[in-house]
Amino acid sequence: MDRERRRVEEEEGKEMISDQQLAQQMAEGDQEAFELLVTRYHGPLLSYVAQQLKDRNKAEDIVQETFIRLIRHLQRYGEVEQLRPWLYKVALNLCRDYWRTASYRSEQTATIEMREEADPSPGADELLEKQEQAKVVVESLEWLPEIQQEVVRMRFFHDLKLQEIAELLDIPLSIVKSHLYGALRKLKRVLAKRDEIHISEFREPEKKQEREVLQHEIFH
């Protein structure tokens, strides 16, 4: 019993260690600190990069390279300020480097769709409804300019603070706020219109004129 309690206390203690403390311990060669940091950020980074690339396998490679660059940075400089935005910025820059390569231009990236199976347990209907609502929001992001899509994803899907987003994208905080509030207003209009018109119906070339009308109604 005492052993189990000590184990729980140790796990809780690890969760309380700040990012800066982990980075400092990593700089001193602490392997356990590195493993804990990977556990903390591998999932969120992979989700973020996979959304950027639409290629989960390539995203794995980029996340791995991100952690390698963190190790090199700490070995060279001994510290890193604001670890979380630093990791996201390195990952985003690696995505941009990949987009510039000939291999990316020559291949068609796969769109990964997560298929959710129905769960017969109690509450499954409610869970599936929430998943469907989330899917609708994700699809609606396609109607936003790319910069606004990035800001919304970083803020709500990855829980980054506005200042962290500003540092990550190298733009003023006021511009981040402007993009966020503008995106939320447009999303509200898109979601309101969705009950009247199915956005997916306007992806075909012959529906171009109708789509332009819908865009005008939403964004003006």
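Owing to the predicted nature of the structure, the values given are computational and were not obtained by experimental measurement.

## A few points about the overall build of the protein
Looking only at helices and strands, the protein features 11 helices and 0 strands. Counted from the first residue to the last, the protein has its helices and strands arranged as α-α-α-α-α-α-α-α-α-α-α. In the protein, 60% of the contacts between residues at least 6 apart in sequence involve partners at least 24 apart. Accessible surface, the protein: about 14,800 Å² in total, of which carbon and sulfur atoms supply 48%.

## Focus: the environment of glutamate 28
Structurally, glutamate 28 can be placed in the loop between α2 (19–27) and α3 (31–53). The exposure class assigned to glutamate 28 is exposed, which follows from its relative accessible area of 61%. Sequence separation between glutamate 28 and glutamate 79 is 51 residues; the distance between their C-alpha atoms is 10.0 Å.

## With respect to the side chain of histidine 73
Along the chain, histidine 73 falls in helix α4 (residues 56–77). There is a polar contact of 3.1 Å between the side chain of histidine 73 and the backbone oxygen of glutamate 79. Setting aside anything within four residues of it in sequence, one finds histidine 73 in contact with Gly78, Glu79, Val80 and Trp86.

## Quick word on unusual backbone geometry
For residues other than glycine, phi is negative in most cases, and the peptide bonds are mostly trans. The residue glutamine 82 is not glycine, and still its phi comes out positive at about 50°. With respect to the secondary-structure elements, glutamine 82 resides in the loop between α4 and α5 (83–99). If you check the backbone angles, aspartate 170 has positive phi at about 60° while not being a glycine. Within the element layout of this structure, aspartate 170 appears in the loop between α9 (162–169) and α10 (173–194).

## Topic: the confidence of the model for the protein
The pLDDT averaged across the protein works out to 75; a share of 66% of its residues lies at or above 70. Within the protein, the lowest mean pLDDT, 52, falls on helix α11 (residues 208–219), and the highest, 94, falls on α4.

## A few points about the packing of α9 against α10
Contact geometry for α9 and α10: axes closest at 9 Å, N-to-C directions at 110°. What the angle tells us is that α9 and α10 run roughly perpendicular. Contact residues: α9 offers Leu162, Gln163, Ile165 and Ala166, while α10 offers Leu173, Val176, Lys177 and Leu180. Residue composition of the contact of α9 with α10, by class: 6 nonpolar, 1 polar and 1 charged.

Parameters at a glance
- Residues numbered from 1 in each chain as written.
- Predicted model: local features only at pLDDT ≥ 70, side-chain atom pairs only at ≥ 80, totals over all residues.
- Heavy atoms only, no water.
- Helix = DSSP H or I, 4+ residues; strand = E, 2+ residues; numbered from the N terminus.
- Contact = heavy atoms within 4.5 Å.
- Areas by Shrake-Rupley, 256 points an atom, 1.4 Å probe, with all protein chains shown as cover.
- Buried < 20%, exposed > 50% of the residue type's maximum accessible area, 1.4 Å probe, protein only.
- Polar contact = N/O pair within 3.5 Å; in protein donor to acceptor, adjacent residues only side chain to side chain.
- pLDDT = per-residue confidence, 0-100.
- Axes fitted to C-alpha atoms, helices over the stretch in contact; angles between N-to-C directions.
- Parallel < 35°, antiparallel > 145°, perpendicular 65-115°, else oblique.
- Nonpolar A, V, L, I, M, F, W, Y, C, P; charged D, E, K, R; others polar.

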